[in-house]
Amino acid sequence: MNNLFDGFIFDIDGTLTSTNQLIFDSFNFIAKKYLNRAFTDEEIVAMFGPAEDVILKEWCGENPASPAAG
């Protein structure tokens, strides 16, 4: 028997699982620790687009010695 496909690739987030709550909790863990504040889910969604390291640099500056940068 000749298979039409050798395998399948799934976009995990939103297809097999939903990680939104994990993302919100992770953002707020760092925000509380380093910025002493929390964001609403809507504020976090508004930040979606750039990678997390880009967002952290915007929050904490370009200082590589910052604990949030590492």
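Cut-offs and rules
- Residues numbered from 1 in each chain as written.
- Predicted model: local features only at pLDDT ≥ 70, side-chain atom pairs only at ≥ 80, totals over all residues.
- Heavy atoms only, no water.
- Axes fitted to C-alpha atoms, helices over the stretch in contact; angles between N-to-C directions.
- Helix = DSSP H or I, 4+ residues; strand = E, 2+ residues; numbered from the N terminus.
- Parallel < 35°, antiparallel > 145°, perpendicular 65-115°, else oblique.
- Left-handed = near helix turned anticlockwise from the far one by under 90°.
- Contact = heavy atoms within 4.5 Å.
- Nonpolar A, V, L, I, M, F, W, Y, C, P; charged D, E, K, R; others polar.
- Core = buried A, V, L, I, M, F, W, Y, C linked by side-chain atoms within 4.5 Å.
- Buried < 20%, exposed > 50% of the residue type's maximum accessible area, 1.4 Å probe, protein only.
- Salt bridge = Lys/Arg side-chain N within 4 Å of Asp/Glu carboxyl O.
- Patch = residues over 30% accessible without salt bridge, like charges linked within 9 Å, V, L, I, M, F, W, Y side chains within 5 Å.
- Areas by Shrake-Rupley, 256 points an atom, 1.4 Å probe, with all protein chains shown as cover.
- pLDDT = per-residue confidence, 0-100.
- Phe/Tyr/Trp six-rings, centres within 6.5 Å; stacked < 30°, edge-to-face > 60°.
- Lys NZ or Arg CZ within 6 Å of the ring centre and 35° of its normal.

Draft legend 1. Seen up close, the packing of helix H1 (residues 20–35) against helix H3 (residues 52–60). Two elements in contact, H1 and H3, have axes whose closest approach is 12 Å; the angle formed by their N-to-C orientations is 25°. The angle between H1 and H3 places the two elements in the roughly parallel class. The way H1 lies across H3 gives a crossing that is right-handed. Side by side, H1 and H3 meet where Phe27, Ile30, Ala31 and Leu35 of the first sit next to Glu52, Ile55, Leu56 and Trp59 of the second. Tallied by class, residues from the contact of H1 with H3 come to seven nonpolar, no polar and one charged.

Draft legend 2. Region of the structure containing the nonpolar core. Membership of the largest hydrophobic core is limited to eight residues, which are Phe24, Phe27, Ala31, Phe39, Ile44, Met47, Ile55 and Trp59. The set of elements that each furnish at least two residues to this core consists of H1, helix H2 (41–47) and H3. In terms of residue count, the dominant contributor to this core is H1 (three residues).

Draft legend 3. Highlighting the pattern of salt bridges. Within this structure, the stated rule accounts for one salt bridge. Taking the shortest distance from any N to any O, the salt bridge between Arg37 and Glu43 comes out at 3.5 Å. On the basis of relative accessibility, which here comes to 36%, the residue Arg37 falls in the partly exposed class.

Draft legend 4. Representation of a nonpolar patch on the surface within the structure. Together, Leu4, Phe5, Phe8, Phe10, Ile12 and Leu16 make up an exposed nonpolar region whose accessible area comes to about 750 Å². Tracing the backbone through its elements, the reader meets Phe10 in the segment before H1. Classification of Phe10 by relative accessible area gives partly exposed; the value is 48%.

Draft legend 5. How the structure looks around the confidence of the model for the protein chain. Residues with a pLDDT of 70 or more make up 86% of the protein chain, whose mean pLDDT is 82. H3 is the least confidently modelled element of the protein chain, averaging 79 in pLDDT, while H2 averages 92, the highest of any element.

Draft legend 6. Region of the structure containing the packing of aromatic side chains. Summed over all chains, the structure comprises one aromatic pair. The lysine or arginine in question, Arg37, covers the ring of Phe39, its NZ or CZ lying 3.8 Å from the ring centre.

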